[in-house]
Amino acid sequence: MSISALRNQNSLDKLLQQVQKDESPSTEKKSYVDERLWKPQVDKAGNGYAVIRFLPAPQGEELPWIRIWNHAFQGPTGQWFIENSLTTLNQKDPVSEYNSALWNSGVESDKEIARKQKRKLQYYSNVYIVQDSTNPENEGKVMLYRYGKKIFDKLMETMQPAFEDEKAINPFDLWEGANFKLKIRKVDGYWNYDKSEFDSVTPLKSTDEELESIWNAEHSLADFVAPSNFKSYDELKTRLDAVLSGTVVATKTAAAMIEEDETPFTPTFKSEPAPQPTSVDNEDDDAMSYFEKLANE
C-alpha cells in the first residue's frame, strides 16, 4: 500500500461511519438456512415432481455421498432433542447408550420409548437441478440434496440391479449416468418416493468443458462430518438430561428449528463404515418424511 492510499483510507469520516454502523441495532433477522440445500416442493395434494442429476464426488473426496445419523424426539418435559449422533463418527453417543439400556430392560414400555428415540439416517449429495417447475430459478444450479434411505436404496439398486436383464449403471457418472425423476406422493401423512425412477443413460452435458464447470461448482461433503460440527459427549448428555428431566427451558419449537435449519446436521470423511443399526437404532423411516411430519405436529 502506498502512503497516499493510506492517507485516503485512514479518514476520520470513514472511521466514524464504521463505529455508527457497528453500534446501530440490527433489524435483519439472522437466518440459519443453508442456501446450498435444495429441497423438492409438493402441491396441496402432496404431489411433487423434479428432475435432478446426482454428481460425482467433489474434488479431493472419495465418495459422492455422506451419511449422518441424528436423533430427533420430544421428551416427557415437552422439550425437543434434535442433534447429530456421535455414532456418525464411530464414537459413543449418550442417546444410543440410553436407548440400549431401555431396550435391554425387557420392559415393553421401555422398548417403545427406545423406538421413538431411535436414530435417523440422512444422506447428502451434490446434485445438478435439471428441472424444478415449482422453483425454476434453481434449474442449472449445483446444489446439495439431503435425502433418506429410500432414495439411497434406489441409487444402490441402479448400481446393483437384482435382475439379469438390467444393466448396472453409475448414477453419479457425468457421461454414463442418468437423470433421476423424483416423484413424490403423500401416503399416510408421509412423503413417498416409490414412483421415483432413473431415466435412460445419457451425458449430463454435451461438452467436457460444461461438465468440468459443473464439477468445479460442487460443494464439499467432507465438511458435514467434521468433528467441529458435532457436540461433545458431555454436551449431548447435558442436553439429554434436560430434555428428560426439564432442567433447561427450550427457547424454540422443533418446527422452528427445522424450518431454520438450525439443527446441526452439518460434516472429515471417514473411510471406515459407520456402525450398523441395531433393533433399536434402525433406519426404516425416510428422514425427509420424518422431519416433515415432525414439523406439522
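Before any of the text, the structure's been laid out above.
From a predicted model like this one, the values you see are computed outputs, not experimental measurements.

Here is what the cut-offs are and how they apply
- Per chain, residues are indexed from 1 in the order of the written sequence.
- pLDDT decides what is reported in this predicted model: residues at 70 or higher carry local features, side-chain atom pairs at 80 or more are listed and counted, and totals for whole chains, interfaces and linings draw on all residues regardless.
- Water and hydrogen atoms were dropped before computing side-chain values, which therefore reflect all heavy atoms in the structure.
- The axes are straight lines fitted to the C-alpha atoms, using for helices just the contacting stretch, and the angles between their N-to-C directions are given from 0 to 180°.
- Numbering of helices and strands runs from the N terminus, with a helix taken as a DSSP run of H or I at least four residues long and a strand as a DSSP run of E at least two residues long.
- In these notes the angle categories are as follows: under 35 degrees is roughly parallel, over 145 is roughly antiparallel, 65 to 115 is roughly perpendicular, and the rest is oblique.
- Only heavy atoms enter the contact rule, under which two residues are in contact if any of them lie within 4.5 Å.
- The residue classification treats Ala, Val, Leu, Ile, Met, Phe, Trp, Tyr, Cys and Pro as nonpolar and Asp, Glu, Lys and Arg as charged. All others, Gly included, are polar.
- Think of a nonpolar core as a cluster: buried Ala, Val, Leu, Ile, Met, Phe, Trp, Tyr and Cys residues, connected wherever their side-chain atoms sit within 4.5 Å.
- Burial here depends on accessible area, computed with a 1.4 Å probe over protein chains only, as a share of the maximum for the residue type. Under 20% is buried, over 50% is exposed, and the range in between is partly exposed.
- Paired rings are identified among Phe, Tyr and Trp, the last through its six-membered ring, by centres lying within 6.5 Å, and are further divided according to the angle between planes into stacked (under 30 degrees), edge-to-face (over 60) and tilted (the rest).

Visitor: Mind laying out the packing of helix α3 (residues 94–104) against helix α7 (residues 233–245), listing which residues take part and the relevant values?
Guide: Running from N to C, α3 and α7 point in directions that differ by 55°, and their axes come no closer than 9 Å. Considering their axes alone, α3 and α7 lie oblique with respect to each other. Within the contact between the two elements, α3 uses P94, V95, E97 and Y98 and α7 uses Y233, L236, K237, L240 and L244. Here the residues of the contact of α3 with α7 are counted per class, giving 7 nonpolar, no polar and 2 charged.

Visitor: Which residues make up the nonpolar core, and what are the values?
Guide: Core analysis: the biggest nonpolar cluster contains 25 residues, and W38, I52, F54, Y145, Y147, I151 and L182 have the highest contact counts within it. Going through the elements one at a time, β2 (48–54), β5 (120–131), β6 (142–147), α5 (149–159) and β7 (178–187) are the ones with two or more residues in this core. Among the nonpolar cores identified, the runner-up in size contains 17 residues, and I66, L144, F230 and L240 belong to it.

Visitor: Before we move on, could you go through the packing of aromatic side chains and cite the residues and values that matter?
Guide: This model, assessed by the stated rule, comprises 13 aromatic pairs. Between W65 and F172, the aromatic rings sit 5.7 Å apart at their centres with planes inclined by 40°, giving tilted as the arrangement. In this pair, W65 sits in the loop between β2 and β3 (66–74) while F172 sits in the loop between α5 and β7, placing the two residues 107 residues apart along the sequence. Seen in terms of ring centroids, Y124 and F224 are 4.1 Å apart; in terms of plane orientation they differ by 25°. Their pairing is stacked. Placement of the pair is Y124 in strand β5 and F224 in the loop between α6 (208–216) and α7, with a sequence separation of 100 residues. When its relative accessible area of 1% is taken as the criterion, Y124 is described as buried. An aromatic cluster of at least three residues, connected via ring pairs, comprises W38, F54, W65, Y123, Y145, Y147, F152, F172, F180 and F198.

No statement about biological role is implied by the geometric values presented.
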